[in-house]
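# Notes for the structure review
Here are the chains, one letter per residue:
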Amino acid sequence: MIHSVIIECHIYESHSLKEKRSVIKKVVTRLRQQFNIATAELDYQDLWQRSQIGLVTISSDKIKAEQELQKAIAFVTRIPELEVTGTIVDWH
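### Description of the sheet that holds strand 1 (residues 2-10)
Reading across from one edge, 2-3-1-4 is the order of the four strands in this open sheet, with antiparallel pairing throughout. For this open sheet the edge positions go to strand 2 (38-43) and strand 4 (83-91), each flanked by a neighbour on one side alone. Shown here is a sheet whose adjacent strand axes are inclined to one another by a mean of 20°, direction ignored. Summarising the sheet, strand 1 and strand 3 (residues 50-58) pair through nine bridges and their orientation is antiparallel. Its bridge partner lying in strand 3, Ile7 is registered against Ile53. Along the sheet, helix 2 (residues 62-77) contacts strand 1, strand 3 and strand 4; its crossing angle with strand 1, the most-contacted strand, is approximately 10°.

What counts, and where the lines are drawn
- Numbering of residues begins from 1 in every chain and follows the order in which that chain's sequence is written.
- Where totals are concerned, whole chains, interfaces and linings use all residues; where local detail is concerned, this predicted model gives features only for residues with pLDDT of at least 70, and gives and counts side-chain atom pairs only at 80 or more.
- To obtain the side-chain values, all non-hydrogen atoms of the structure were included, while hydrogens and water were left out.
- Pairing between two strands requires that DSSP report at least two bridges joining them.
- In this text, helices come from DSSP runs of H or I with a minimum length of four residues, and strands from runs of E with a minimum of two, each type numbered from the N-terminal end.
- Only the stretch in contact is used when a helix axis is fitted, and all axes are lines through C-alpha atoms; the angle between N-to-C directions ranges over 0 to 180 degrees.
- Two residues form a contact once any of their heavy atoms are found within 4.5 Å.

What follows is the structure in structure tokens.
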């Protein structure tokens with residue numbers, strides 16, 4: 001099973017693309033290090049206060065895959081530099 005999540009984020013304290021990229025890079029790096037998932041910024045690279053982050057995992061065990069991505073989503077929601085404005089969860 002392929003389980004994917006798209007997280008929409010707003011970065012309030014960002015006043016430039018450089019500041020935004022610093023926050024997103026930190027988030028993406030931590031997600032890759034702490035969880036068994038692939039992650040990347042998917043959209044809004046040219047906007048300095050908005051981002052879309054994609055998370056994907058592949059597993060034969062649907063429950064474990066969902067647990068891993070739910071932990072990753074919870075991790076992102078606790079990051080003080082950004083606010084999660086929406087999530088889209090999909091199974092393939």
